[in-house]
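Spelled out, the chains give:
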Amino acid sequence: MRKTVGSAFLLAVAGALLSFIATGFPVLMLGQLLIGIGCAPAFVGSLFFVSKHFSEKSFARVSGLVLSFSGLGLLATGTPLAWVVEHWGWRSAFVVTGVVAAANLVCILVLVRDDHGKNSGDIAGAIRETLAILKERQTKGIVALALVGYPSYIALRGLWATPLFMERHGFTLTGVGNVLLASSVATLVGPPLFGLVRAKGRSRRYLICASMATSAGIFLILAISANWIVDATMCVALGALTGFTILQFADTKSAYDPQVVGRAFGIVNTAAFLGVAILQGATGWVASTASTFSVNQFAAVFAFIAAACLLAMVAFFMLPWPEWEVGSKTDV
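*Asks:* Would you mind going over the nonpolar core with me for this structure?
*Replies:* One broad rule of soluble globular proteins: the nonpolar side chains tend to lie buried together. Of all hydrophobic cores here, the largest spans 67 residues; its most connected members are Leu-156, Phe-165, Met-212, Phe-219, Leu-222 and Phe-302. Membership of the second largest hydrophobic core comes to six residues, among which are Phe-9, Ala-101, Leu-105 and Ile-108.

The structure is reproduced here in structure tokens:
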């Protein structure tokens, strides 16, 4: 894990540098891709560590704290980063990204030590394990949820919140940063609160579905709202709801054998990052199509995300559940 996450952060540093010197869209997109790939394994590495060193009972609580600390990065990308961009330009944001990624890389190399297992270098074995997980009955529903759950919030925060408040409500960039800062604070609070929930088995899955349904409802409110206070409140509420991701990973942990749960986390995390790319691309197409037919683009985009949340919830609920749930009426 040390080599994997360390190598990935090296890609993040390279991506930040490439984005900083970019003179055209293709190079900038390549830099963004490298940053995304570089940061992707970090949370999975943390979850894998927690799953190995903490009991099933403590997993949601401890991983909730881990996700909460990871939200500190979202705080930095609110008002502070908006202020930096306004004063020094957009390239300065990638200088900050590169410095932070380099600092993380140094910490990983100095502080992290691998627990060398007998299969630690078996790439072929890792591929076989991953393919076997993808074939398991419960994987389809888990992946469907991961493709939309957290990515729906990232689509709002990373792509649509800024034009929403600037075009619909006339906010300045710093004003938008203040809203995003409040939403980011909510992402710090949500995971630990969800981590305290003692639900497991079927109850935990019902709570996950309820969280997705609530997210869909919030996006519908954003689609029809004309009040900046309502919109800001909904953004903060969605930030808090990201905490249900902890229940999602706890569900994943219980759905697979302990020896392959690290691979399962990787699949879920990959699906989430893929979902970010797909959802942002899809909402861009929806906005463009809406404008062609003189439909408000924000109404169309948020209605689309709401529908995606509902479809993901239905898929998660209707597709096969883990074997431990089949025929069971009680929690496990």
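*Asks:* Please clarify how the pattern of salt bridges should be interpreted in this entry.
*Replies:* Oppositely charged side chains are able to pair whenever their charged atoms sit close together. Using the criterion set out here, one finds three salt bridges in the structure. Between Asp-231 and Arg-168 there is a salt bridge, and its shortest N-O distance comes to 2.9 Å. With a gap of 63 residues between them, Asp-231 in helix 12 (residues 228–241) and Arg-168 in helix 9 (residues 149–168) connect regions that are remote in the sequence. The class for Asp-231 is buried, based on a relative accessible area of 0%. You can call Arg-168 partly exposed: its relative accessible area is 22%. The residue Arg-205 makes a salt bridge to Asp-251 at a minimum N-O spacing of 2.8 Å. Of this pair, Arg-205 sits in helix 11 (residues 201–224) while Asp-251 sits in helix 13 (residues 245–255), and the two are 46 residues apart along the sequence.

*Asks:* What should I look at first to understand the environment of Phe-219 in this one?
*Replies:* Structurally, Phe-219 is set in helix 11. Expressed as a C-alpha distance, the spacing of Phe-219 and Ala-306, which sit 87 residues apart in the sequence, is 5.3 Å. When near neighbours in sequence (up to four residues on either side) are disregarded, Phe-219 contacts Ser-152, Leu-156, Leu-238, Phe-302, Ile-305, Ala-306 and Cys-309.

What counts as what
- What you see as residue numbers is a count from 1 along each chain, following the sequence as written.
- The predicted nature of this model means local features are confined to residues of pLDDT at least 70 and side-chain atom pairs, given and counted, to a pLDDT of 80 or more, with totals for whole chains, interfaces and linings taken over all residues.
- Where side-chain values are given, they derive from all heavy atoms of the structure, hydrogens and water being excluded.
- Among buried residues, those of type Ala, Val, Leu, Ile, Met, Phe, Trp, Tyr and Cys that are joined through side-chain atoms within 4.5 Å constitute a nonpolar core.
- Burial classification: accessible surface area is computed with a 1.4 Å probe over protein chains only, and a residue below 20% of its type maximum counts as buried, one above 50% as exposed, and the rest as partly exposed.
- Criterion for a salt bridge: a side-chain nitrogen of Lys or Arg within 4 Å of a carboxyl oxygen of Asp or Glu.
- Where helices and strands are cited, they refer to DSSP runs of H or I of at least four residues and of E of at least two residues respectively, numbered from the N terminus.
- The criterion used for residue contact is that any of the two residues' heavy atoms lie within 4.5 Å.

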